[in-house]
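Okay, here's what each chain looks like letter by letter:
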Amino acid sequence: MSVIVMKDISKEYRIGQIRLNALKNINLEIINGEFISIMGPSGSGKSTLLNVIGCLDKSSSGTYFLDGNSVETMNDNQLSEIRNRFIGFVFQSFNLLGELNALRNVEIPLIYRGIRGKIRREMSEQALEKVGLKERMKHLPSQLSGGQQQRVAIARALVGNPSVILADEPTGALDSTTGNNIMDLFTQLNEDLNMTIVQVTHEESIAAYGKRIIRLIDGEINKIDFNGVLEGKK
Ligand SMILES: Nc1ncnc2c1ncn2[C@@H]1O[C@H](COP(=O)(O)OP(=O)(O)OP(=O)(O)O)[C@@H](O)[C@H]1O
Ligand SMILES: [Mg+2]
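Residues numbered from 1 in each chain as written. Chains lettered and ligands numbered in written order. Predicted model: local features only at pLDDT ≥ 70, side-chain atom pairs only at ≥ 80, totals over all residues.

What to know about the overall build of the chain
Part 1 of the reasoning: Along the backbone of the chain there are seven helices and 11 strands.
Part 2 of the reasoning: A compact globule built from 234 residues should have a C-alpha radius of gyration of about 17 Å, and the chain, at 18 Å, falls within 12% of that.
Part 3 of the reasoning: Across its three principal axes, the chain shows a C-alpha extent of roughly 50 × 40 × 40 Å.
Part 4 of the reasoning: When burial is assessed residue by residue, the chain has 41% of its 234 residues classed as buried.
Part 5 of the reasoning: Long-range pairs, those at least 24 residues apart, make up 68% of the contacts in the chain between residues at least 6 apart in sequence. (Helix = DSSP H or I, 4+ residues; strand = E, 2+ residues; numbered from the N terminus. Rg over C-alpha atoms; globule rule 2.2 N^0.38 Å. Buried ≥ 20, exposed ≤ 12 C-beta atoms within 10 Å, placed from the backbone. Contact = placed C-beta atoms within 7 Å.)

Some points on the site of ligand 1
Part 1 of the reasoning: Lining the immediate surroundings of ligand 1 are Y13, I15, L20, A22, G40, S42, G43, S44, G45, K46, S47 and T48.
Part 2 of the reasoning: Elements that contribute at least two residues to the shell around ligand 1 include exactly β1 (2-15), β2 (18-31) and α1 (46-53).
Part 3 of the reasoning: Broken down by element, the shell around ligand 1 gets its largest block of residues, three residues, from α1.
Part 4 of the reasoning: Broken down by class, the residue content of the shell around ligand 1 amounts to four nonpolar, seven polar and one charged. (Near = placed C-beta within 6 Å. Nonpolar A, V, L, I, M, F, W, Y, C, P; charged D, E, K, R; others polar.)

What about helix α3 (residues 102-112)?
Part 1 of the reasoning: Of the positions making up α3, those classed as buried are A102, L103, N105, V106, E107, P109 and L110.
Part 2 of the reasoning: Buried residues along α3 sit against α2 (76-86), α4 (117-130) and α5 (146-158).
Part 3 of the reasoning: Immediately downstream of α3, the backbone of G114 shows phi near 80°, a positive value.

A short note on the packing of α3 against α4
Part 1 of the reasoning: Direction vectors running N to C along α3 and α4 enclose 115°, while the axes themselves pass 9 Å from each other. In this structure, the crossing between α3 and α4 has a hand that is right-handed. Of the residues in α4, those touching α3 at A102, L103, V106, E107 and L110 are R120, M123, S124, E125, A127 and L128.
Part 2 of the reasoning: Here the residues of the contact of α3 with α4 are counted per class, giving seven nonpolar, one polar and three charged. (Axes fitted to C-alpha atoms, helices over the stretch in contact; angles between N-to-C directions. Left-handed = near helix turned anticlockwise from the far one by under 90°.)

Structural notes on the sheet that holds β1
Part 1 of the reasoning: Pairing in this open sheet of four strands is antiparallel, and the strands run β2-β1-β4-β5 from one edge to the other. Edge strands, defined here as strands with exactly one partner in the open sheet, are β2 and β5 (69-70).
Part 2 of the reasoning: Across the sheet, α1 touches β1, β2 and β4 (61-66), and the angle it forms with β2 is around 60°. (Pairing = 2+ DSSP bridges.)

Observations concerning the packing of α5 against helix α6 (residues 176-193)
Part 1 of the reasoning: α6 packs onto α5 with a crossing angle of 25° between their chain directions and a minimal axis gap of 10 Å. Viewed along their axes, α5 and α6 adopt a mutual orientation that is roughly parallel. Considering the relative orientation of α5 and α6, their crossing is right-handed. From α5, G146, G147, Q150, R151 and I154 reach across to α6, where they touch T178, N181, I182 and L185. (Parallel < 35°, antiparallel > 145°, perpendicular 65-115°, else oblique.)

Here's the deal with the environment of V90
Part 1 of the reasoning: Structurally, the position occupied by V90 is in strand β6 (residues 87-91).
Part 2 of the reasoning: Accessibility expressed as a C-beta count within 10 Å gives 23 for V90, which makes it buried.
Part 3 of the reasoning: Along the sequence, V90 and R156 sit 66 residues apart, while their C-alpha atoms lie 8.5 Å from each other.
Part 4 of the reasoning: The residues touching V90, leaving out its near neighbours within four places in the chain, are A153, I154, A157, I165, A167 and P170.

The structure is reproduced here in structure tokens:
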């Protein structure tokens, strides 16, 4: 089953008279259970592509189906609903709420979904257990290491059982050992729970954890590698 099907997706930004094609005719299909890394030089459109996949941003043209739902036809309310239901986001800077403990941070997407009290707490505890942080549930972000904070963010991304986890440079703020530990966790979530993961990274060693590497240059897919094997220009 395809989680993501993009056909001829383009994204144009306009600032005054200037037009910039951040994405050009992207054709991409991502199947349930894949682990994908997106690479490319700064400004090549990686974050733009991830934001379009995550329905944070709309394409200018083309068609995009997320878990069978046609995204272009949706209004803002429908888009936030689809984000909440189908997408788990992980950011470079963790984006945790500083005044809430780990458990409360993980509960946030479930609050938006209207899941109440005990069930919400249980689901959040389970998500924290999956990332190895059950013992740190009551800690505030400031009482956790960078790697632990990113694990809380991953638990928050997981808790609603999304169709795909999207991570924009998830190891960018971490030292290499901690970064590799986060990649081991992604690998475990991908292999054991069949989570679909799409991550953006600058580092080849981090990208190598993905089973498919999509390389962008200047808003276009330049090539796609399968476990380091060249598939050819797309
Ligand atoms: N909101 C915006 N308005 C106008 N132009 C934008 C906007 N967001 C991104 N761009 C432009 O689109 C292009 C792609 O940007 P994007 O952020 O996707 O690059 P990136 O590959 O993620 O780069 P980096 O590795 O530096 O994060 C860049 O030229 C950028 O300047
Ligand atoms: Mg970026």
